[in-house]
Structure formats: structure tokens, C-alpha cells
Amino acid sequence: MALKGIGSKCSVVRGIGASQRLAQGVSSFRMMGATRTMKIASAHAVNDGRQVDIEFVDKTAYRFHTAWIKDAHPNLTGSDYYRKSAKTFFEDQYMAERVEPFEDGSKLQVWFKNCSIDNDVTEEYFSDWLKAFAPFVGSPLNEASKNSAKMAATGLPGTGSLLDDIYKNRKPWGSELQMPTFDGQEMLKDEDMQIDFLERMMDPGCAVIKNIGKPDGFGHTEAGIPMEEFLGKIIGRLNQHPARATRFGVVHTQSRGELAGADYDHKNPLSMHTDHSVYNGTPGYLQFMYQAQGSVHSRVCDGLAVAEYMKQHHPEDYHLLTTVHLTHSSRNCIYAKNGAYRRDAAGVEGASFELVHTHPVLTLDKDGHLEKVVQSETKRGISALPFDIYDRYMEAYRRWTNLLEEERFKCEFDWPEHSVIVMNNWRVLHGRATVPPNTQRVMVFGYIMKSIYENRHRLLKQRQAERRNPDINDRWLTRLPNQVLTHLVQ
């Protein structure tokens, strides 16, 4: 299989990649109608003021409900971004008495009336903002407008994400991948770099961040503090474990790791896997592993690349892996009731708990894109595979696990002390790191859920857009659906 040259795309130099990813979404961006400096050519109220017709300079034209225009204005919200009144807005019947473009068509002024002259109000709107909403809420008035409106004819399909264009255009990679690398201290000062990093978590799905800080100690409560504090500033709070006192876990390679179980015993071979395979829904979307002590060498594998290979060369196997449900399950006995590691809490009652997750190894979204890989041979449970497909399924599963171990699909990288490897746990698999002889290694791990990641990216993109155009500020960019916001922040 030829894996396309992702090596040139994923340079270790920050700043390369954002413009390339932007280009990937250009086609859909154009279909919906670009909004950058999209001025209004003409506007007028129709149907006794119940609707407003707006024509833009690109010759697209839409009819808006006056009630929607009034209801959407940010003046109806307070400094907390909540609506000022719990009273249902549509109890009022606002009509547009007059509408008028001004400032060379970059803004629209609307004079509203509502039965009593005391309720009359005038509001201003930005043309780019109205243009972004037009294909979703407007009725197209000419052929030029119908192409963009078709995409939204049935309403929004769900929450979506500002990362959707990158997700739909991900490129598989193999051994040629150059690991994206960032400096942690520089990232803390640069929100554009933070955006670049978050977008790389969608594609290629992994990166190394160096220089995030040195821990004060290597115990289970202090070893992960530099990682936790760094990520709190860049993305958000780590997921809380059901039993462990800290939001991060700590693994000591020498002397004590094997006491925690097969997953932590570095004498035990560990095949390519994703984490949280036993947790229903796989809540750990981003996975972080921090080298608190010691420098090692490690490897990652692109689940998307292997899945695409199977789809092309072994379509029957691919169908089984995407449709038949396998079970991962375990009983966690690592922690004590006080949240400490059980081996360190003599005399304290254990906090054992059960975990089970039944799912396809490869989950596809509604459009057939690979959404999630869930793979862990050590945590594979006893699956209830139907008799008639058992042999055929296990043949497909063996092929899949063997491909994951082939060198052409693995990216090797150096993992220095005080750096963190970050992976999209729904896409990228990892194996056991190679620890040099006589190296005392302390590794810290943690996770962040998908919604935290996506909404942090949303906030940073909003701030970036505000820096480019301070007029369309947080009041105009907050509370918008992601599908609309995308066209204001690109």
C-alpha cells in the first residue's frame, strides 16, 4: 500500500498545516457562500414587515423572517450570554417598518415596531453575520442562492464541530510520518499555536509537546502536576477517574509497575492498542502521556490507515469489523477506597469496579467515515460471537491485529524527558515504549473527553476571528451553531 506523503504535511515546525487544512474545506465553504467582507447590495421589508429580503453583492438573495432577525440580536442577552428574559420572545409580534444598508453595505439597520410606539426599537446587524446564517434560515430568492440553501433544507443534522472539515479530509499515514512537535512554553503564550495543535489532534491525530515542566517529585500525587497544570491552560480539566484520587495516573517502569497488572508490567509484551476500550462510549478522546522521568523511544500506528487498507484489500474483513460487536471488559482492582493505589494503601478497603463495552472494533459515522477505533487485546473480553460467523470473524480480527504490528504502519519517535505525547485515542494506537537499560522511568497519563476538546477549539477560533475583525466580537460569535460559526471563523 502506498501511503501518501504525510511526512511533508506534518512538519515539526509549527505554523505549517493550518492553511493547508483550511484549503481542504474550501469546497464546502464556497457551497455555503463565503462570508468574508460579503456586503449587502440591497434590502427591503416585505409582506407588511413580516419578512425582510436581502441581496448580497455576490448576487445571492434570501428572505428572512423578521421575528428571527429580532430574536437573533445579541442585545437580548446579558454579559453572561444568557437571555435577559425568560419570557418567550415570540409572544411579541415585531414587524420591520424599514430596513437600510449602511457603511457601504457592511451593516444593516432595521427599524422594528411592535404594536405600541413605546416598543419600537432599531437594531444594527453585520452583513457577514447575516450572510453566514442566510443559507440556513433564509428562503432563497434566485438560482444563485439555491445551491447553498440545499445543504440546510432540512435543518441542522446535529451539533457538529468546527473541526468537521478536517475530520472529513483526514489523510492516512504510516512509517513516513514526521511527528508534529511543539514547545510547551511557547504554546502557553500563543493561541494560534494552540489552535494548530488542536487541529493536528484531528489530523494526523498525534503530536509531541516538549518542555512542559519538571515535577517536584515522582510520587503518585505530584508526578503529574506539570502535565495537569499545562493542559488546564491549553485545553481544560482532565477526566476524573471513577476511583483514583488524582485526575492522572502514574506508572513506574522499574520494580513496581508489574504489581498494577499486565497493562503496566513493562516485562509483558503489549500490542498496538487504544485506551479506554472497556469504558462504554470510550470517554478518553484525547490521551496524554507525560515523561516525568527518563527519555524513551516509542511508536504509534494510524488506525485510519490500517482500516483504509483493509477496506481496499479485504472488504469482507472490513465489513465484519465495522458491523459485528466485540466485547472488551475487565474488573479494575488497582485502587483503594481512599483513591490511592491499592498496593500503597495497606489495610484500606479496595475500590474494585466492573467495566464492559460491546461495540464494533471500527465504528463508522452516518456518512461512512471512520469515527472510532477500539482495540485492546489484553482487555478483550468473552464475546458473544454468533456460531456461524465465529471462524470468519476471528480470521478478520487476526488480520487486523497483525496489520497493526507491521512496520509500514508504525511511526517511530523519540520521547524525551519532560515532554508529553498526545494522541487522538479514537484514531491512533500505541504500543510499549522502549526503555534504555538501567533507566528509571516515570510516566504519567490522563485523558480529556471529546466535547471539552471541541469546545476549547471553538473558543480559540472565536478569539482568533475577533482579533482579525474586532467589530464581530464575542457577542456576535457566541451562541451560534457550529455549522454557521464555521463560515465566520475560517
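Here the structure is a predicted model, which is why all the values come from computation and not from measurement.

A. Molecular detail of the packing of helix 12 (residues 315-323) against helix 13 (residues 390-404). Relative orientation of the contacting elements helix 12 and helix 13 amounts to 100°, with a least axis distance of 9 Å. In terms of orientation, helix 12 and helix 13 fall into the roughly perpendicular class. Here Glu 316, Asp 317, Leu 320 and Leu 321 of helix 12 lie close against helix 13, whose contacting residues are Arg 392, Tyr 393, Ala 396, Tyr 397, Arg 399 and Trp 400.

B. Region of the structure containing the sheet that holds strand 8 (residues 181-183). Strand order in this open sheet of six strands is 8-9-18-11-20-10, and the pairing throughout is mixed. If you trace the sheet from one side to the other, it starts and ends with strand 8 and strand 10 (249-252), each paired once. The mean angle between the axes of side-by-side strands here comes to 20°, regardless of whether they run parallel or antiparallel. Alignment of strand 9 (residues 206-210) against strand 18 (residues 420-424), held across four bridges, turns out to be antiparallel. Looking at the pairing, Val 208 lines up with Ile 421 of strand 18.

C. Broad picture of helix 11 (residues 303-313). Of all the positions in helix 11, only Gly 303, Leu 304, Ala 305, Val 306, Ala 307, Tyr 309 and Met 310 are classed as buried. Its buried side turned inward, helix 11 meets strand 12 (296-302), helix 12, strand 15 (362-364), strand 16 (370-373), helix 13 and strand 19 (428-430).

D. Summary view of the nonpolar core. Phe 197, Ile 209, Met 227, Ile 235 and Phe 288 are the most contacted members of the largest nonpolar core, which totals 45 residues. With near-sequence residues (within four places) excluded, Ile 209 lies in contact with Phe 182, Asp 183, Gly 184, Met 187, Phe 197, Phe 230, Ser 419, Val 420 and Val 422. Within the second largest apolar cluster, 35 residues are counted, among which are Tyr 62, Ala 134, Phe 136 and Trp 476.

E. Looking closely at the sheet that holds strand 7 (residues 139-140). An order of 1-2-3-7 is seen for the four strands of this open sheet, with the pairing classed as antiparallel. The open sheet is flanked by strand 1 (40-46) and strand 7, the only strands paired with a single partner. Looking at chain direction, strand 2 (residues 51-56) and strand 3 (residues 61-65) are connected through five bridges and run antiparallel. Within the sheet, the bridge partner assigned to Ile 54 lies in strand 3 and is Tyr 62. Sheet strands touched by helix 5 (residues 127-137): strand 1, strand 2, strand 3 and strand 7. Its angle to strand 3, the strand with the most contacts, is close to 85°.

F. View of unusual backbone geometry. With an omega dihedral of 15°, the bond running from Asp 203 to Pro 204 counts as a cis peptide bond. With respect to the helices, strands and loops of the structure, Pro 204 is situated in the loop between helix 9 (191-200) and strand 9. In this structure, Thr 282 is a non-glycine residue whose phi angle is positive, near 55°. Take Thr 282: it is sitting in the loop between strand 10 and strand 11 (286-293). The exposure class assigned to Thr 282 is buried, which follows from its relative accessible area of 1%. If you check the backbone angles, Arg 479 has positive phi at about 80° while not being a glycine. Judged by its relative accessible area of 36%, Arg 479 falls in the partly exposed class.

G. Structural detail: the side chain of Arg 299. Here Arg 299 is to be found in strand 12. A residue is classified by how much of its surface remains accessible, and Arg 299, at 15% relative accessible area, is buried. Of the polar contacts made by the side chain of Arg 299, one reaches the backbone oxygen of Arg 432; its length is 2.5 Å. A polar contact of 3.0 Å, which involves the side chain of Arg 299, links it to the side chain of Thr 434. Setting aside residues no more than four positions away along its own chain, Arg 299 makes contact with Met 272, Lys 410, Cys 411, Glu 412, Phe 413, His 430, Gly 431, Arg 432, Ala 433 and Thr 434.

H. A look at the environment of Glu 406. Tracing the backbone shows Glu 406 in the loop between helix 13 and strand 17 (410-415). On a C-alpha basis, the gap between Glu 406 and Gly 174 in space is 9.8 Å, while along the polypeptide they are 232 residues apart.

I. Up close: the environment of Trp 129. Position of Trp 129 relative to the elements: it lies in helix 5. For Trp 129, a relative accessible area of 2% gives the class buried. Considering only alpha carbons, one finds Trp 129 and Val 484, 355 residues apart in sequence, at a separation of 9.0 Å. Once you skip the residues sitting within four places of it in the chain, Trp 129 turns out to touch Trp 68, Ala 72, Trp 476, Leu 480 and Leu 488.

Basis of the calculations
Residues numbered from 1 in each chain as written. Predicted model: local features only at pLDDT ≥ 70, side-chain atom pairs only at ≥ 80, totals over all residues. Heavy atoms only, no water. Axes fitted to C-alpha atoms, helices over the stretch in contact; angles between N-to-C directions. Helix = DSSP H or I, 4+ residues; strand = E, 2+ residues; numbered from the N terminus. Parallel < 35°, antiparallel > 145°, perpendicular 65-115°, else oblique. Contact = heavy atoms within 4.5 Å. Pairing = 2+ DSSP bridges. Buried < 20%, exposed > 50% of the residue type's maximum accessible area, 1.4 Å probe, protein only. Core = buried A, V, L, I, M, F, W, Y, C linked by side-chain atoms within 4.5 Å. Polar contact = N/O pair within 3.5 Å; in protein donor to acceptor, adjacent residues only side chain to side chain.

The values are spatial; any link to function lies outside them.
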